[in-house]
Structure formats: C-alpha cells, structure tokens
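The lines below spell out each chain.
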Amino acid sequence: MPALASLPAAIDTAAIAGRIADEGYAVIEDYVAPDQLRRAQDFVRTAVAHNGGNYLAINGAKGLEGTFLHDWPEDTAFIALCRGIYERTSGKSAPQSPFYQVLRCLSGELAARHSLKFHYDSYLLTALIPIIIPERGKTGDLLIIPNWRRLRSHYALNFVDKILLDNPFSQWLLRKLYERGYRGIRRLKLKPGNLYLFNGYRSIHTTEACDPNAIRSTALLHYVDPHEGSGLKRLLRGG
Ligand SMILES: O=C(O)CCC(=O)C(=O)O
Ligand SMILES: [Fe+2]
C-alpha cells in the first residue's frame, strides 16, 4: 500500500530548507492521504479509549501495524525528503541514521503535565504530522521560537543549553512570555494530515495545553542526532 500521499515528482527540498531557515518551519499540506489519516485517527481513538481516556505515547513503529505510521520511517519518498532537507541545511551528505519515532496522544488529566514544557529536541530535523487536533476550546497549538540556538560542536555545550532551558525559572519565564503574547513565540495551528518540518534541535518549542476531554495526537519522526557518537552523552545517560 502506498503509505503516504505521493509527492510531486520534483519536490523542492532547497525551498523547504530555505523556509525552515527563514520562517522557522515549513508545511506540506495534505501530506497524508485521507483514508490513511482516517485509519490512524481510528487507531488513536481506540488506543486512548483502552487507556481509560488518558495520555499515552508509543515509541517506535511496533504496535502501529495497519496504519501509515508503521511504514512511515521506511517510506522512500519520505526518507528522500528528509535527507534532501538535511543536506541542503547542513551542506553535508546525510548519514544512514534511522528515525526516532513517537506517537503522542494527549488526553485526560495527564495531558497538562505533558504540555507547556519548553525544550530542544536531541535530533536536528523534526517532522510532525498531526493526527487528531481539537477543533474547539484549547486546540493545542505548537509554540516555537525557531532557530534559537546554533548546532553545538560538543555534547557538553548542548548539555549546558538543556540545563539552562529545563529549569523552573526558564520555564516560568517562557510561560509568562507566552501568556503575554510575546511575538517571538510563534504559534502554529496544526491541521491533521499536513506535514510540519522544523529544526527541533535548534528551536525552543512545546505544545500548548488543550482540554482534558479532547484528544490531541501527533506523530513525530526525529532525524539525525548530532551527538550520537559522544562518549560524554553515553556516560551521562548510563550506557
Ligand atoms: O506534539 C507536538 O506538537 C510536539 C511534541 C514535541 O515537541 C516532542 O515530542 O518533542
Ligand atoms: Fe520536541
């Protein structure tokens, strides 16, 4: 089965990389075919219902059989797209690294705990496909301060960045800025089936809160960990 909607023959990865650099993100509208999207939505609704209406996350493709999410990390067109963006952005040839995949389903009381946590991703490129987005009330927009930091040459510097961001004061400050409508924090209204691409490693970002009785689900593929070979990283993560 064709996993995703077929792309225009000559998808312009240079233009997409340019948009990510200049505007902070790029969108490919209706990337997922409608029937594939519906199947993934059914999967999420069932999974959340089995979990008592509560938050859940699935790492990797296992368990996602029968939905496009299962085939997505192996999809040739999608891999070519990410490799192209990576090469245009970094000027280097893309490594043979696998994607790190997560399916997030925010729902129920635990949803709040997984919202408004500003962070950097460990991987350079983040590809996000919204599966279900609430249409009313708090819609769980993506908040992003694009391309806020550079790629760090050493894991130690990256680690310091993360500590500077992941502490109560910085989180409080960012939430205040967000509440006051600070313009540096962009707000992306997400549409199911679109593909959103941004530099997750370089951009401070998070999910806005959404109503606990709604479901907000996104599928993420993270591409290229620049500190993969770091001994310090292995040491700090215990192996
Ligand atoms: O679900 C989203 O909109 C973003 C999630 C995210 O940033 C992450 O899982 O790293
Ligand atoms: Fe993230």
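Our structure is the block above this text.
Heads up: these notes are all about the structure in this document.

Cut-offs used in this document
- Residues numbered from 1 in each chain as written.
- Chains lettered and ligands numbered in written order.
- Predicted model: local features only at pLDDT ≥ 70, side-chain atom pairs only at ≥ 80, totals over all residues.
- Heavy atoms only, no water.
- Donors = N, O, S within 2.8 Å, 3.2 Å for Na, K, Ca; no water.
- Helix = DSSP H or I, 4+ residues; strand = E, 2+ residues; numbered from the N terminus.
- Buried < 20%, exposed > 50% of the residue type's maximum accessible area, 1.4 Å probe, protein only.
- Near = heavy atom within 4 Å.
- Polar contact = N/O pair within 3.5 Å; in protein donor to acceptor, adjacent residues only side chain to side chain.
- Areas by Shrake-Rupley, 256 points an atom, 1.4 Å probe, with all protein chains shown as cover.
- Nonpolar A, V, L, I, M, F, W, Y, C, P; charged D, E, K, R; others polar.
- Expected span 1.5 Å × (residues − 1).
- Contact = heavy atoms within 4.5 Å.
- Salt bridge = Lys/Arg side-chain N within 4 Å of Asp/Glu carboxyl O.
- Patch = residues over 30% accessible without salt bridge, like charges linked within 9 Å, V, L, I, M, F, W, Y side chains within 5 Å.
- Pairing = 2+ DSSP bridges.
- Axes fitted to C-alpha atoms, helices over the stretch in contact; angles between N-to-C directions.

### Some thoughts on the coordination of the iron ion (ligand 2)
All of the protein donors around the iron ion (ligand 2) are His119 (NE2), Asp121 (OD) and His205 (NE2); their distances to the metal are 2.1 to 2.2 Å. If you list the donors of the iron ion (ligand 2) from N- to C-terminus, the spacing comes out as H-x1-D-x83-H. Taken as a pair, His119 in the loop between strand 3 (100–106) and strand 4 (125–132) and His205 in strand 8 (residues 204–207) lie far apart in primary sequence, 86 residues in all. His119 sits in the partly exposed class, given a relative accessible area of 31%.

### Here's the deal with the site of ligand 1
Taken together, Arg104, His119, Asp121, Leu128, Leu142, His205, Thr207, Arg216, Thr218, Leu220 and His222 make up the full set of residues adjacent to ligand 1. Measuring from an oxygen atom of ligand 1, one finds a side-chain N or O atom of His205 at 3.1 Å. For ligand 1, the accessible surface in isolation is 300 Å², of which the surrounding protein chains cover 91%. Looking at the shell around ligand 1, the elements with two or more residues in it are strand 8 and strand 9 (216–223). When residues in the shell around ligand 1 are grouped by element, the largest group, four residues, is from strand 9. Here the residues of the shell around ligand 1 sort into three nonpolar, five polar and three charged.

### Brief notes about helix 6 (residues 168–179)
With twelve residues, helix 6 ought to run about 16 Å at 1.5 Å a step, and its terminal C-alpha atoms sit 16 Å apart, in line with that. The elements touched by buried residues of helix 6 are strand 5 (142–145), helix 5 (155–165), strand 6 (186–188) and strand 8. Just downstream of helix 6, Gly181 is the residue with a positive phi angle, here 75°.

### Remarks on the pattern of salt bridges
In the structure shown here, the tally under the stated rule is nine salt bridges. Here Asp141 ties to Lys189 by a salt bridge, and the two come within 3.0 Å at their closest N and O atoms. Of the two residues, Asp141 is situated in the loop between strand 4 and strand 5 and Lys189 in the loop between strand 6 and strand 7 (195–199); the sequence distance between them amounts to 48 residues. Its salt-bridge partner being Asp225, residue Lys233 comes within 2.4 Å of it at the nearest N-O pair. Classification of Asp225 as buried rests on a relative accessible area of 13%. The network of salt bridges with shared partners includes Asp141, Arg187, Lys189 and Glu208.

### Observations concerning a nonpolar patch on the surface
On the surface, a cluster of nonpolar side chains totalling about 470 Å² of accessible area is made up of Phe159, Ile163, Leu232, Leu235 and Leu236. A per-element tally of the nonpolar patch places helix 7 (residues 231–236) first, with three residues. By the secondary structure assignment, Phe159 is in helix 5.

### Notes on the side chain of Glu208
The residue Glu208 is located in the loop between strand 8 and strand 9 in this model. Residue classification places Glu208 among the buried positions, given a relative accessible area of 7%. A polar contact is formed between the side chain of Glu208 and the side chain of Arg187, at a distance of 2.7 Å. Not counting chain neighbours up to four residues away, the residues in contact with Glu208 comprise Ser115, Leu116, Gly140, Asp141, Leu143, Tyr178 and Arg187.

### Topic: the sheet that holds strand 5
The strands that make up a sheet are held in pairs by hydrogen bonds between backbone atoms, and each pair lies either parallel or antiparallel. Reading across from one edge, 6-5-8 is the order of the three strands in this open sheet, with antiparallel pairing throughout. Of all the strands in the sheet, just strand 6 and strand 8 have a single pairing partner and so form its edges. Along the sheet, successive strands turn relative to each other by an average axial angle of 20°, direction set aside.

### Topic: the pairing of strand 9
Where burial is concerned, most of strand 9 is hidden: eight out of the eight residues are buried. Of the two faces of strand 9, the one lined by Arg216, Thr218, Leu220 and His222 and the one lined by Ser217, Ala219, Leu221 and Tyr223 are each fully buried. Bridging between strand 3 and strand 9 involves seven bridges; their strand directions are antiparallel. Each residue of the ladder has a partner; that of Val102, found in strand 9, is Leu220. Where strand 4 lies against strand 9, seven bridges are found, and the strand directions are antiparallel. Of the residues in strand 9, the one forming a bridge with Pro130 is Thr218.

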